[in-house]
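Each chain is listed here by its residues.
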Amino acid sequence: MQKILVINGPNLNMLGIREPEIYGKRTYDDLCEFICDAAEKLGADVHFFHSNCEGDIVTEIQNSMNKFDGIVMNPGAYAHYSYAIHDAITSVTTPVVEVHISDISKREEFRRTSVTAPACRAMISGKGFEGYIIALEMLLNDKK
């Protein structure tokens, strides 16, 4: 069974509260349950990590090597300026697929570019919670 790490960055713990018109009314716990249900059907073992702190995310990416087969990551706002997270991704062999619940290309100007995405296998944006499942499937299919 493949092990997949799901990393969620700043403010994702506020799902359901923060800007529900953009992110919806489902909570972070709902998201984790949604991913767990899909992972079980796909035969994947998922582990979750959330932090509002950039350095914690960098450390978690670094620690993923030789422990996980892939990472689904929503870096939150760090996507738009964290070269430290970008560099952490390029420092490990663990494949990463970046996910954004909202369509960042249609958001405020500062959100339209992800500096972390170029270090990833792919970026999925604007598919809501389903984007996490698309990313999970990409990683699982990549290992077949």
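About the criteria used
- Sequence order as written defines the numbering, with residues in each chain counted from 1.
- Under the rules for a predicted model, residues below a pLDDT of 70 receive no local features and side-chain atom pairs below 80 are neither given nor counted, while totals for whole chains, interfaces and linings still include all residues.
- Neither water nor hydrogens contribute to the side-chain values; these are computed over all heavy atoms in the structure.
- If DSSP finds at least two bridges between two strands, the strands pair.
- Secondary structure elements follow DSSP: runs of H or I of four or more residues count as helices, runs of E of two or more count as strands, with numbering from the N terminus.
- A fitted line through C-alpha atoms serves as each axis, taken over the contacting stretch for helices, and the angle formed by two N-to-C directions is quoted from 0 to 180°.
- Note on contacts: a residue pair qualifies if any of its non-hydrogen atoms lie within 4.5 Å across the two residues.
- Only protein chains enter the accessibility calculation, which uses a 1.4 Å probe. A residue is then buried if its area is under 20% of the maximum for its type, exposed if over 50%, and partly exposed in between.
- By construction, the arc corresponds to the directions joining the helix axis to the C-beta atoms.

Some points on the sheet that holds strand β4 (residues 96-100)
Part 1: Pairing within the open sheet is parallel, and its five strands lie in the order β2-β1-β3-β4-β5. The open sheet terminates on both sides in strands that have one partner only, identified here as β2 (44-50) and β5 (122-125). The average angle at which neighbouring strand axes cross in this sheet is 20°, direction not considered.
Part 2: The pairing of β4 with β5 spans four bridges and is classified as parallel. The residue of β5 that forms the bridge with H100 is S125.
Part 3: Strands in contact with helix α2 (residues 28-42) are β1 (2-8) and β2; relative to β2, the strand with the most contacts, it is inclined by about 160°.

A look at helix α3 (residues 54-64)
Because each turn of an α-helix spans 3.6 residues, side chains separated by three or four positions end up pointing in the same direction.
Part 1: Three or more residues of α3 are buried, namely I57, V58, I61 and S64. Buried residues along α3 cover an arc of 125° about the axis, so they all sit on one side.
Part 2: Buried positions along α3 lie against β1, β2, β3 (70-74) and α4 (83-91).

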